[in-house]
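Remarks on the overall topology
Listed below are the residues making up each chain.
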Amino acid sequence: MTDLLITGGDVVTMDPARRVLGNTTVAVSGDSIAGLGTAEELRARFRGAREIDASGCVVIPGLVDAHQHTTVDPLVRSMIPDDIGAQESIFDWIVPLHAAADGDDDELAATITAVECLSRGITTVLEPGTVAFPERAAAGLAAAGIRARVGGWGWDAEGVPLGAPADEVLARQEDIVRSLPATGPVTGWVTLVGHDLVSDELLTGAAELAERLDTGVTWHISPGPADVETYALRCGRRPVVHFRELGVLGPRLLLGHAVWLDDAEVEAILQTRTAVAACPGAYLRLGQGYTRASRHAELVRRGGRVALGCDAHNAGDAPDVLLAAHLFAALERDRDLPAPIRAEQAFALATIDGAEAIGLGDRIGSLEVGKAADLVVLDAADPAWIPRGDLARQLVWGHVSRTVRDVLVDGRVVVRDRRPTGVDLAAVAEAAAERSAALLRRAGITPRPSWPEPVAVR
């Protein structure tokens with residue numbers, strides 16, 4: 001990779017001082033940020049460097065999506081009815097579709113997800129499971145150039161696709177992590193499905209495995225009240241309290257969702273520095289009671305480790321972390337409680353706080369010398385930026401994810417002038433149409449359209 005200068009933009013650094021640097025050039029050398037300064041001084045330091053003109057644009061750190069399923073769902077985008085419950089959505093649709101998917105499906109769906117994420121400024125995704133072919137999903141993510149952490153579908157319940165005894169699940173988890181590069185944009189995580197479908201043996205084994213492999217671990221818990229109820233029947237206590245007693249909470253663990261918490265669970269998460277990924281758009285789409293139960297804003301106010309996610313294409317329907325930040329702040333504000341979440345706090349969840357929650361705060365999440373060159377150029381000539389207001393508020397409230405023009409990951413230009421550089425979109429679209437129809441047939445599912453099928457007008 002050669003040196004590159006991103007010239008003349010207004011740079012939102014998200015450094016500890018939260019500096020915004022006007023008319024500033026970002027120098028990229030290899031995979032890292034090598035300088036922030038004037039175009040003249042950086043051209044002198046990096047003679048012959050390529051340039052991307054960002055004059056008048058807004059340059060931000062790459063966004064972090066800490067809970068983004070990448071497989072199967074993109075191939076059946078917006079097909080699951082929106083008038084059914086979350087359990088029906090999962091077990092009548094998602095589970096049969098995943099059982100019918102093959103490696104080609106997983107790789108193609110991951111590529112679609114990665115390209116869509118990048119087009120909205122998301123440069124890092126944490127894939128939280130439901131992947132039958134993780135190496136293929138990793139290949140699809142890498143082809144688009146996104147940064148990702150990938151795991152497999154780990155659970156030891158009976159009668160579920162790819163379920164197995166705990167020792168077999170853990171062996172597969174280790175194989176997945178070791179099969180992927182130890183460093184670089186796409187690496188492995190220990191990944192369980194979670195909910196009430198994982199034994200105590202598997203939970204403790206996963207935590208120990210993540211420690212031994214020096215990686216992170218993630219699983220789902222309590223997006224709705226069902227997990228709380230089943231854990232009460234199973235062991236007489238709430239899920240997160242149970243995790244605390246097992247000794248599996250801690251800074252390596254990222255809990256997906258954790259919407260339905262009580263006081264003791266909130267305290268356990270805070271005391272152990274366990275991270276949480278909140279996906280407000282998904283909870284609204286699935287009707288899981290987010291506005292009644294969520295304690296995520298309280299975790300933020302009390303210094304907890306919280307990141308944002310967009311979940312799956314048939315829950316959030318589209319990966320858009322700035323929209324997730326918007327919803328997070330808006331829903332909290334509507335509760336009319338003291339100290340609402342402000343725009344600058346919500347944007348931090350999408351960048352530096354999200355990076356810290358997934359253990360990458362020393363590498364991504366802010367534009368600082370020495371950090372990875374993961375950055376996004378927003379086209380401020382778009383009407384969404386006219387006129388320019390307070391930057392933090394415009395980023396969160398202004399629906400500006402549509403203005404993404406250029407994206408870099410590890411110093412590599414992966415989106416240029418709104419087009420992905422490593423993926424043929426036309427070929428991807430053609431393959432997606434074919435594989436979507438075939439997958440639905442294999443799963444025995446017939447979509448139920450909201451409107452009659454289109455007919456030609458003569």
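Residues numbered from 1 in each chain as written. Predicted model: local features only at pLDDT ≥ 70, side-chain atom pairs only at ≥ 80, totals over all residues. Heavy atoms only, no water.

Digging into the side chain of aspartate 374
In this fold, aspartate 374 is placed in the loop between helix H15 (352-357) and strand S15 (375-378). We classify aspartate 374 as buried; its relative accessible area is 3%. Within the structure, aspartate 374 has its side chain in polar contact with the backbone nitrogen of aspartate 410 (distance 2.7 Å). Beyond its immediate chain neighbours, meaning those up to four positions away, aspartate 374 contacts Pro61, Gly62, Thr123, Thr124, Arg147, Ile364, Leu367, Leu408, Val409 and Asp410. (Helix = DSSP H or I, 4+ residues; strand = E, 2+ residues; numbered from the N terminus. Buried < 20%, exposed > 50% of the residue type's maximum accessible area, 1.4 Å probe, protein only. Polar contact = N/O pair within 3.5 Å; in protein donor to acceptor, adjacent residues only side chain to side chain. Contact = heavy atoms within 4.5 Å.)

Comments concerning the environment of glutamine 288
Its location among the elements puts glutamine 288 in the loop between helix H10 (280-286) and helix H11 (290-293). For glutamine 288, a relative accessible area of 10% corresponds to the buried category. Distance from glutamine 288 to valine 241, taken between C-alpha atoms, is 21 Å for residues 47 residues apart in sequence. Glutamine 288 has contacts with Ala86, Pro223, Gly224, Trp260, Ala282 and Tyr283, leaving out every residue within four places of it along the chain.

Some words on the sheet that holds strand S6 (residues 63-65)
Paired through their backbone hydrogen bonds, the strands of a sheet run either parallel or antiparallel. One open sheet accounts for 4 strands, arranged S6-S7-S8-S9; its pairing is parallel. This sheet does not close on itself; its edge strands, each paired only once, are S6 and strand S9 (186-188). Each strand axis lies, on average, 15 degrees off the axis of its neighbour in the sheet, ignoring direction. Where strand S8 (residues 147-150) and S9 come together, 3 bridges link them in parallel fashion. Bridge assignment links arginine 149 to a residue of S9, and that residue is threonine 187. (Pairing = 2+ DSSP bridges. Axes fitted to C-alpha atoms, helices over the stretch in contact; angles between N-to-C directions.)

Side note on the pattern of salt bridges
The tally for this structure, following the rule as stated, stands at 37 salt bridges. Salt-bridge contacts for arginine 442 lead to aspartate 105; the nearest nitrogen and oxygen are separated by 2.7 Å. Here the residue arginine 442 occupies a position in helix H17 (residues 425-443), and aspartate 105 occupies one in helix H3 (residues 103-119), the gap between them amounting to 337 residues. Relative accessible area serves as the criterion here: at 41%, arginine 442 is assigned to the partly exposed category. We classify aspartate 105 as buried; its relative accessible area is 0%. Its salt-bridge partner being arginine 402, residue aspartate 382 comes within 3.1 Å of it at the nearest N-O pair. You can see aspartate 382 sitting in the loop between S15 and helix H16 (391-397) and its partner arginine 402 sitting in the loop between H16 and strand S16 (404-409), a full 20 residues away along the chain. Salt bridges here are not isolated pairs; linked through shared partners, they connect Asp31, Arg147, Arg363, Asp374 and Asp410. (Salt bridge = Lys/Arg side-chain N within 4 Å of Asp/Glu carboxyl O.)

Details of the nonpolar core
In this structure, Phe243 and Leu255 are the most contacted members of the largest nonpolar core, which totals 128 residues. Core analysis: the second largest hydrophobic core is formed by 17 residues, Val26, Ile33, Cys57 and Val377 among them. (Core = buried A, V, L, I, M, F, W, Y, C linked by side-chain atoms within 4.5 Å.)

Points about the environment of glycine 188
Within the secondary structure, glycine 188 is located in strand S9. Linking glycine 188 and glutamate 368, residues 180 residues apart in sequence, is a C-alpha distance of 26 Å.

Looking at helix H8 (residues 239-246)
Note: α-helices contain 3.6 residues per turn, so residues at a spacing of three or four share the same orientation. For H8, every residue scored as buried is listed here: Pro239, Val240, Val241, His242 and Phe243. One or two residues past the end of H8 sits glycine 247, with phi positive at roughly 80 degrees.

What about the sheet that holds strand S10 (residues 190-194)?
Pairing in this open sheet of 5 strands is parallel, and the strands run S10-S11-S12-S13-S14 from one edge to the other. Looking at the sheet topology across the chains shown, the edges are occupied by S10 and strand S14 (305-308). Averaged over all pairs of adjacent strands, the angle between their axes in this sheet comes to 25 degrees, without regard to strand direction. Of the strand pairs in this sheet, strand S11 (residues 217-221) and strand S12 (residues 253-257) are connected by 5 bridges, and their pairing is parallel. Within the sheet, the bridge partner assigned to histidine 220 lies in S12 and is glycine 256. The strands touched by helix H6 (residues 200-213) within the sheet are S10 and S11, with S10 carrying the most contacts at an inclination of about 160 degrees.

Thoughts on the packing of aromatic side chains
Here a ring pair, both rings aromatic, is described through the centre-centre distance and the interplanar angle of the planes. One pass over the full model with this rule turns up 4 aromatic pairs. Note on tryptophan 219 and phenylalanine 243: the rings are 5.4 Å apart at their centroids and 75 degrees apart in plane angle, and the pair reads as edge-to-face. Residue tryptophan 219 is found in strand S11, and its partner phenylalanine 243 is found in helix H8; the two are separated by 24 residues along the sequence. On the basis of relative accessible area, tryptophan 219 is assigned to the buried category, the value being 1%. A ring pair is formed by tyrosine 231 and phenylalanine 243, whose centres lie 5.9 Å apart and whose planes are at 85 degrees; its orientation type is edge-to-face. Of this pair, tyrosine 231 sits in helix H7 (residues 226-235) while phenylalanine 243 sits in helix H8, and the two are 12 residues apart along the sequence. Of the two residues examined, tyrosine 231 and phenylalanine 243, each falls in the buried class. In textbook terms, an aromatic cluster arises when at least three aromatic residues are bridged by ring pairs, as seen for Trp219, Tyr231 and Phe243. The aromatic ring of tyrosine 231 is capped on one face by arginine 234, whose charged end is 4.8 Å from the ring centroid. (Phe/Tyr/Trp six-rings, centres within 6.5 Å; stacked < 30°, edge-to-face > 60°. Lys NZ or Arg CZ within 6 Å of the ring centre and 35° of its normal.)

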